[in-house]
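Residue-level listing of the chains:
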Amino acid sequence: LPAGGIYSTSEDMANFCMMLFNNGMYGQNRILSERSLNEMFTVQNKYNTYDLSFKQGLIWALYGFGGWDFAGGIAMHNGATYTFNAQFSVLPEHKLGLIFMTNTNTGEELLDILNHQILTKVLEFKTGISKAKSIKIPPAEFKAEDFKK
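Residues numbered from 1 in each chain as written. Predicted model: local features only at pLDDT ≥ 70, side-chain atom pairs only at ≥ 80, totals over all residues. Heavy atoms only, no water.

Chemist: Describe in detail the confidence of the model for the chain, supporting the description with residues and values.
Modeler: Of the residues in the chain, 81% reach a pLDDT of 70 or more, and the chain-wide mean stands at 81. Strand 2 (residues 29–30) holds the highest mean pLDDT among the elements of the chain, 97, whereas strand 3 (residues 55–56) holds the lowest, 84. Contacts of residues 132–140 to residues separated by more than four positions or lying in other chains number 19 contacts, the stretch itself having pLDDT below 50. (pLDDT = per-residue confidence, 0-100. Helix = DSSP H or I, 4+ residues; strand = E, 2+ residues; numbered from the N terminus. Contact = heavy atoms within 4.5 Å.)

Here it is, written out as C-alpha cells:
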C-alpha cells in the first residue's frame, strides 16, 4: 500500500486488517492497545474549521456521507506512487475490510468503483443490509451469492 514512501504486501495488509478487527490483537500478540485502536477511528480534526466537513482519524479518512452512513460509516486510506495505486477500506462496525493494490498509477477511479461495488455486496451478504439508494455507483456485475464459495 504505497503512501508516504511506505510499501507493503497484500499479506501484511490482510494481517493488519485482521488485527484491527480483533481489538488490536494478532494471534496471541497485542499490536495496538484498544485505546489506540479506538483513536484510529475517532475524528481527530473536529475543531479545525479549515477542514470543513472532512473528517480525519489516525491514518484513516472517515466518511459517513455518500450513502455509507447506513453501514455505520467507512474508513479509507489510499496511496499511489509513479507505478502503483492502492486503496484500503474498512467498515469497522461490521468487521469488513477490502484492500486493492494495482500496478498502475491511473487506477484510482477503478478502485473507487470496485471498492463500492464489492463492499456493498459483501455487506449485504454478511448482514442482509442493502446498499442505500444514495450510493451512486454503476450496477454490480455479480451477486451476493458469488461470495458463498
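We are not done yet, so read on.
Chemist: I'd love a proper account of the packing of aromatic side chains, names of residues and values included.
Modeler: This structure, assessed with the given rule, holds three aromatic pairs. Members of the aromatic cluster, each reached through a chain of ring pairs, are F16, F41, W60 and F88. (Phe/Tyr/Trp six-rings, centres within 6.5 Å; stacked < 30°, edge-to-face > 60°.)

Chemist: Account for the pattern of salt bridges, with residues named and values stated.
Modeler: Taken as a whole, this structure holds one salt bridge when the rule is applied. Ionic pairing is found between E34 and R30, a salt bridge with its closest N-O pair at 4.0 Å. The partly exposed category is assigned to R30, whose relative accessible area is 43%. (Salt bridge = Lys/Arg side-chain N within 4 Å of Asp/Glu carboxyl O. Buried < 20%, exposed > 50% of the residue type's maximum accessible area, 1.4 Å probe, protein only.)

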